[in-house]
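# Structural overview for review
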Amino acid sequence: MAAQSKNAASVFPPPLVAGNHTFTSVTETVCGVVEKKPNVNWLLALMLSASIMAVLGGSVAYLFWEGTGIWGLNNPVGWGWAIVNFVFWVGIGHAGTLISAILFLFRQKWRTAINRFAEAMTIFAVICALVFPGIHVGRVWAAYWMLPLPNQMGMWPNFRSPLLWDVFAVSTYFTVSLIFWYVGLIPDLATLRDRAKGKIGYWAYGLFAVGWRGAASHWNNYERAYLLFAGLATPLVLSVHTIVSFDFAVSIIPGWHTTIFPPYFVAGAIFSGFAMVCTLAVPCRKLFGLEDFMTVRHIENMNKVILLTGTLVGYAYSTEFFIAWYSGSVYEGFAFVNRAFGPFAWAYWIMISCNVITPQFFWSKKIRTSMAWTFVMSIFVNIGMWFERFVIVATLHRDYTPSAWGYYTPTIFDISTFIGSFGLFFFLFILFLKFLPAIAIAEIKAVMPQADPHWEGYHKHEESTHG
Amino acid sequence: MGHGNQFVDQPNMDPKLVSKGFKFGVALAVIGLGAAFAGLATESKEQFFYSWLVAGMTFTTISLGCLFIVLIHHITGAMWSTAVRRLAENIAAALPYMALLMLPVLFIGMHDLYHWTHGDAVAKDAILQSKSGYLNTVFFSVRTVLYFALWIVIARFYRKYSVKQDATGDVAYTFKMRWWAPLSILAYALSVSYAGFDWIMSLDPHWFSTMFGVIIFAGGMVSGFATLGLYGLWLTKNGTLKNTINEWHFHDCAKLMWGFVIFWTYTSFSQYFLIWYGNIAEETAWYYVRMHHGWERIGILVILGHFALPFWVLLSRHMKRSRYAFALVAAWMIFMHYVDLYYMAMPNLHHGFHPSWMDLACFVGIGGVFLAAVMRVSGKDAIVAHRDPQLHASLNYDNF
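Keep in mind the model is a prediction, meaning the values are calculated, not measured.

To continue, consider the overall build of chain B. Counting its secondary structure elements, chain B contains 17 helices and 0 strands. Here the C-alpha radius of gyration of chain B, 21 Å, is about what a compact globule of 400 residues would show, namely 21 Å. Dimensions along the principal axes, computed over C-alpha positions, put chain B at roughly 70 × 40 × 40 Å. In chain B, once contacts between residues fewer than 6 apart in sequence are set aside, the share between residues at least 24 apart is 84%. Summed over its atoms, the accessible surface of chain B is roughly 15300 Å², and 69% of this surface lies on carbon and sulfur atoms.

Right, let's talk about the overall build of chain A for a bit. When helices and strands are tallied, chain A shows 16 helices and 0 strands. For chain A, whose C-alpha radius of gyration is 24 Å, the value lies close to the compact-globule estimate of 23 Å for 467 residues. Its C-alpha atoms put chain A at 90 × 60 × 40 Å along the principal axes. Buried positions account for 54% of the 467 residues belonging to chain A.

With that settled, consider the packing of aromatic side chains. Within this structure, the stated rule accounts for 109 aromatic pairs over all chains. Seen in terms of ring centroids, Phe322(A) and Phe197(B) are 6.1 Å apart; in terms of plane orientation they differ by 25 degrees. Their pairing is stacked. Of the two residues, Phe322(A) is situated in helix H9 (residues 296–326) and Phe197(B) in helix H9 (residues 171–199); the pairing between them involves two chains. Judged by its relative accessible area of 15%, Phe322(A) falls in the buried class. Taking the relative accessible area as the measure of exposure, Phe197(B) reaches 1% and is therefore buried. Between Trp286(B) and Tyr287(B) the ring centres are 5.1 Å apart and the planes differ by 90 degrees, which places this aromatic pair in the edge-to-face class. Across this residue pair, the class does not change: Trp286(B) and Tyr287(B) are buried.

Right, let's talk about the interface of chain A and chain B for a bit. Listed as interface residues are 44 residues of chain A and, on the opposing side, 53 residues of chain B. Considering only the surface of chain A that becomes buried against chain B, Val11(A), Thr259(A) and Tyr326(A) emerge as the three largest contributors, covering 18% of it. Connecting chain A to chain B are 12 residue pairs in polar contact (both at pLDDT 80 or more). Secondary structure elements with two or more residues in the side of chain A that touches chain B: helix H5 (162–195), helix H7 (216–249), helix H8 (261–287) and H9 of chain A. For the side of chain A that touches chain B, the class distribution of residues is 24 nonpolar, 15 polar and 5 charged.

Although it is not a glycine, Arg107(A) adopts a positive phi angle of roughly 55 degrees. Turning to its location among the elements, Arg107(A) is positioned in the loop between helix H3 (81–105) and helix H4 (115–135). Phi is positive for Leu241(B), which is not a glycine, with a value near 55 degrees. Looking at the secondary structure, you find Leu241(B) in the loop between helix H10 (212–237) and helix H11 (247–278).

Taken as a whole and assessed by the stated rule, the structure comprises 18 salt bridges over all chains. Residues Glu28(A) and Arg195(A) are paired through a salt bridge, measuring 3.2 Å at the closest nitrogen-oxygen approach. Here Arg195(A) lies in helix H5 and Glu28(A) lies in helix H1 (residues 23–35), a separation of 167 residues in the sequence. When its relative accessible area of 43% is taken as the criterion, Glu28(A) is described as partly exposed. With a relative accessible area of 24%, Arg195(A) lands in the partly exposed category. Among the salt bridges present, the one from Glu89(B) reaches Arg85(B), with a minimum N-O distance of 2.9 Å. Pair noted here: Glu89(B) and Arg85(B) are both in helix H3 (residues 82–92), with a separation of 4 residues, about one helical turn. Residues Glu89(B) and Arg85(B) agree in their burial class; the two are buried. Each of Arg85(B), Arg86(B), Glu89(B), Asp166(B) and Asp388(B) takes part in a single network of salt bridges with overlapping partners.

What follows is about the confidence of the model for chain B. Taken over all residues, the pLDDT of chain B has a mean of 94, while the share at 70 or more is 99%. With a pTM of 0.93, the predicted complex shows an ipTM of 0.91.

Residue and element names in this part refer to chain B. Secondary-structure assignment places His115 in the loop between helix H5 (110–113) and helix H6 (119–123). For the pair His115 and Leu87, spaced 28 residues apart in the sequence, the C-alpha separation amounts to 39 Å. Excluding anything up to four places from it in sequence, His115 contacts Ala121, Leu128 and Pro205.

The subject of this paragraph is a positive patch on the surface. Residues and elements named next belong to chain B. A contiguous patch of positive charge on the surface is contributed by Arg156, Lys160, Lys164, Arg376 and Lys380. When residues of the positive patch are traced back to their parent elements, those giving at least two are helix H8 (137–168) and helix H16 (357–380). Relative to the assigned elements, Lys380 resides in helix H16.

Right, let's talk about the environment of Asp414(A) for a bit. Residues and elements named next belong to chain A. Tracing the backbone shows Asp414 in helix H14 (residues 412–435). By relative accessible area, Asp414 is classed as buried at 2%. Along the primary structure Asp414 and Leu73 are separated by 341 residues, whereas in three dimensions their C-alpha atoms are 9.6 Å apart.

So, about the packing of helix H4 (residues 95–108) of chain B against H8(B). Residue and element names in this part refer to chain B. Between H4 and H8, the shortest axis-to-axis distance is 10 Å and the interhelical angle comes to 175 degrees. Relative to H8, H4 is oriented roughly antiparallel. Where H4 approaches H8, its residues Leu95, Pro96, Met98, Ala99, Met102, Leu103, Leu106 and Phe107 are matched on the opposing element by Phe140, Ser141, Thr144, Val145, Phe148, Trp151, Ile152 and Ala155.

Let us look at a nonpolar patch on the surface. Residues Tyr144(A), Trp145(A), Leu147(A), Leu149(A), Met153(A) and Met155(A) make up a contiguous nonpolar surface patch of about 610 Å² in total accessible area. With respect to the helices and strands, Leu149(A) occurs in the loop between H4 and H5.

This brings us to the packing of helix H2 (residues 45–76) of chain B against H4(B). Residue and element names in this part refer to chain B. Between H2 and H4, whose axes approach to 10 Å, the crossing angle comes to 150 degrees. For H2 against H4, the interelement crossing comes out left-handed. Contacts from Phe49, Trp52, Leu53, Gly56, Met57, Phe59, Thr60, Ser63, Leu64 and Leu67 in H2 reach Leu95, Met98, Leu101, Met102, Val105, Leu106 and Ile108 in H4. Classifying every residue of the contact of H2 with H4 gives 14 nonpolar, 3 polar and no charged.

Our focus in this paragraph is the side chain of Asp125(B). With respect to the helices and strands, Asp125(B) occurs in the loop between H6 and helix H7 (126–131). There is no salt bridge for the buried Asp125(B), and the closest opposite charge comes from Lys131(B), which lies 8.2 Å off by N-O distance.

Reading the values: rules and limits
Residues numbered from 1 in each chain as written. Chains lettered and ligands numbered in written order. Predicted model: local features only at pLDDT ≥ 70, side-chain atom pairs only at ≥ 80, totals over all residues. Heavy atoms only, no water. Helix = DSSP H or I, 4+ residues; strand = E, 2+ residues; numbered from the N terminus. Rg over C-alpha atoms; globule rule 2.2 N^0.38 Å. Contact = heavy atoms within 4.5 Å. Areas by Shrake-Rupley, 256 points an atom, 1.4 Å probe, with all protein chains shown as cover. Buried < 20%, exposed > 50% of the residue type's maximum accessible area, 1.4 Å probe, protein only. Phe/Tyr/Trp six-rings, centres within 6.5 Å; stacked < 30°, edge-to-face > 60°. Buried area = accessible area lost by both parts, 1.4 Å probe. Polar contact = N/O pair within 3.5 Å; in protein donor to acceptor, adjacent residues only side chain to side chain. Nonpolar A, V, L, I, M, F, W, Y, C, P; charged D, E, K, R; others polar. Salt bridge = Lys/Arg side-chain N within 4 Å of Asp/Glu carboxyl O. pLDDT = per-residue confidence, 0-100. Patch = residues over 30% accessible without salt bridge, like charges linked within 9 Å, V, L, I, M, F, W, Y side chains within 5 Å. Lys, Arg positive; Asp, Glu negative; His and termini not counted. Charge placed at Lys NZ, Arg CZ, Asp CG, Glu CD. Axes fitted to C-alpha atoms, helices over the stretch in contact; angles between N-to-C directions. Parallel < 35°, antiparallel > 145°, perpendicular 65-115°, else oblique. Left-handed = near helix turned anticlockwise from the far one by under 90°.

This is how it looks when you write it as structure tokens:
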């Protein structure tokens, strides 16, 4: 049973900024991460991720030279790891926009400590995602045909295909997320400009701070722009993964064609995205001394979202299974039984274990407030969500004609390309941590207890000076 | 937080106002239900059951929407909704009455409503045979009773401890209600979806859609916020809680109603779009009926009335904060929720659009019972959770 506390104040959550911070110490702590000389560990991490990124470069170069034959694609399974990785990375991106836009519209003030961080993650994840459709086309010199460019050959992409809508949806999403992130950064870039000691820093931060002086008119425009971007980014959170789900669901392949796909994909995307935010936030808050800003409450809230969205995904799995049986369609029924008990049953049960069972541990307050547990669970969720997309794609291995049935095995190049994409992701993320403030300095000051003019600390201060 | 406004209103509704509302509800119920029963003389039994089912479903899902609002309040530890939470609890308290109206009709009318109860039809139909493990009269009845039992237990639990807190102000009740919220939501989500599958989707037992339960839920949420808003507007207009429920609370109700309008559109459109694009006969049959013989006009009305109109009218902050605009759109949304359910259910009875005065009689009658039930519980206890430790924060809530 719940804690039977008699203290009425305990119904309110703990403060969003822990420790005894002043406005100055917030600036010092967050800017300190950027301004200090890079240490050896940071350099090692950067070099490691750059090396892994080189694996991506090498794999892609060989792909361009040799063609998609180096992957494990075969006749029944015409879509392989490329689309799995694409959906995996796009999904991860969703948490950043959910935190920055939707939680902003819901006035969830706890978002301020993690939004900058999560938005950066979004942008880098979408960059990783965009690699895969870009390289999978075989004739890469014709990749620009994905865009509807006017041309004298009268060649147009198929506007009726959701794969083309993906091009529009993901590129719009990337553009809006980037601008939204940048707009939010402007006041903090100005802070870094004003504090810069060297010429390069002053010039570089100053260029991107676009003359921000913190005037009331600046803040007024800023707040309006921010609200508008939040309003524009909110439908994008839903539309991107909805269209990704259409890639599968508009076909009439059993196991793909089901009407719950759009919200189910969106829930899964948010699920994986929050897991990735936790994977990154747990070590970063420790390494960079940001524990007072990304508090246990923030991590706990994210774990609650993971529990909710993981359970929603479980709801979708069970509804799909039930309706596949209820429909009375033998093909639908077979697709699901084959997923759970066929040759890819191992992948299916990894998916169920990681996506449905793992988050259930977060019913326990002890586990969802433990950093070690959070980190481990978030890795499991990342694994599970990759497998979810793999399970969906691998459904292809047994189609209507048993003589065409096959199996899918990835090659070394499938694996190296995927692992290499993590190098790209971490390379960008590690650079971000060193050159930009990982926490929205201006925003977090507004949610500190000290920002309330009636803060009791001020009374104490007055009493001690007057008394 | 914790400054400014204090709670100064009477925590109870004026008994005269209660009795006015209650009597009005009873009058509607007598007229409507009387007309519906009298109509059995001229109209068919099937028409009676279908009209009853659609109207009953409308008000049941409104109560369910408000029950979910209560659960969301607790699971998120929300502050703003403390001032209006008792209203949502009262609307959810109409569920037992809805069960009284729905259960007999589902049981007595089962044979007239549901094609899969016809043994001879099932014997000739391989698909219906394959579903008979789920769609059979015994299991259907058990599930129907279980759904209502579960919702009534949750609704009573949340109202009971909320009212208990009025006496003592003990914060332990808040924690108790919060503790049960996630489990209740889990049970709620499954039961509402499957109730949608059972009561509405299985009217056409061949057709299936995984999204269906979510659409039923979304429609209930739109009308839940609409009803909650109207209830609050009516109370404050009559002087009850006029210093408690402020424009920020109405603004949030309007925002959330508007948000769920979009969510409803998203789920309904996705279902339509995927079936249209897939274009396989076993799924398109459902929409085919609904796009011919006059039903296409109702379909267009649903698109315009359940999406386009509320979306554009309430898009601006100014309109959301206008009590008149919100009241008008909220009332309209309840009507559109009815039309939406009508559009899902009725084409199974009438091949072409065929309105019956029985539809109106059932809507007025069941709406009357619903109103009387809400008024009855509203008069019993305080109309606001006046000793909730979060009320103070809710009174001082704003969103600049």
